[in-house]
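Read off the chains here:
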Amino acid sequence: MQKEYRLQDRADFTRVYRNGRSFANHQLVLYVYAQPKVDRFRVGISASKKIGNAVVRNRMRRMIKEIVRLQADRIMDHVDLVFIVRKGATEMDYDKLAKSVHHVMRKASIYK
C-alpha cells in the first residue's frame with residue numbers, strides 16, 4: 001500500500017477505536033471513522049500475538065493490504081479503516097479471506 005493510504009500513528013488508531021463504528025464477522029473486526037481532513041481513505045491493520053507468531057501476523061497483514069489495494073477505487077474517500085484480525089482468519093486461504101473482507105466492508109457500507 002502506498003504511504004497516503006496507511007494509518008501509522010497510535011493517536012490515529014486510538015481515535016478510530018474510540019469514535020468509530022465497528023462491524024464484525026468471525027474472521028475480522030472493522031472499525032470505520034469518518035475523517036474529512038484526509039483526501040483518501042486510510043487503512044490500519046492490527047494483528048495481536050494471540051493469532052500466531054510474527055510470520056502468521058505479517059502474512060495476514062500483507063493479504064489484507066493486498067485485498068484492500070485491489071478494491072481501492074471502490075472504497076469511499078474521507079474515512080479511516082482499522083481491521084482487527086481474529087484467530088479464525090489464520091486458517092483461511094486468500095480467496096476465502098477476500099470474501100470475508102468484502103463481507104465486512106459491505107456491512108460497513110464503505111463502498112461507493
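Right, let's walk through the structure included here. Sequence order sets the numbering: in each chain, residues are counted from 1 along the sequence as written. Local features in this predicted model are restricted to residues whose pLDDT is 70 or higher, and side-chain atom pairs enter the listing and the counts only when it is 80 or higher, whereas totals over whole chains, interfaces and linings include all residues. To obtain the side-chain values, all non-hydrogen atoms of the structure were used and water was disregarded.

What follows is about helix 2 (residues 54–70). For helices the rule is a DSSP run of H or I covering at least 4 residues; for strands it is a run of E covering at least 2, with both sets numbered from the N terminus onward. A helix is expected to span 1.5 Å for every residue after the first. A rise of 1.5 Å per residue sets the reference length of helix 2, with its 17 residues, at 24 Å; its end C-alpha atoms lie 24 Å apart and thus fit the reference within 8%. Whether a residue is buried, partly exposed or exposed follows from its accessible area with a 1.4 Å probe, protein chains only, as a fraction of its type maximum: under 20%, in between, or over 50%, in that order. Along helix 2, the residues classified as buried are Arg57, Met60, Met63, Ile64, Ile67 and Val68. Considered in projection along helix 2, the buried side chains sweep an arc of 130° and stay on one side of the axis. More than 90 degrees from the buried face of helix 2, the exposed residues found are Val55 and Arg62. The arc refers to the directions leading from the helix axis to the C-beta atoms.

This brings us to the nonpolar core. As used in this record, nonpolar core signifies buried Ala, Val, Leu, Ile, Met, Phe, Trp, Tyr and Cys residues forming a set joined through side-chain atoms within 4.5 Å. Core analysis: the biggest nonpolar cluster contains 30 residues, and Leu30, Ile64, Leu81, Phe83, Val85, Leu97 and Met105 have the highest contact counts within it. Counting only elements with at least two residues in this core, the list comes to strand 2 (28–34), strand 3 (42–46), helix 2, strand 4 (79–85) and helix 3 (94–108). Here the element with the most residues in this core is helix 3; it accounts for six residues. Two residues form a contact once any of their heavy atoms are found within 4.5 Å. Contact partners of Leu81, with chain neighbours within four places excluded, come to Leu7, Leu30, Tyr31, Val32, Phe41, Arg42, Val43, Gly44, Ile75 and Ile110. By size, the runner-up hydrophobic cluster in this structure holds seven residues, among which are Val16, Val29, Tyr31 and Val82.

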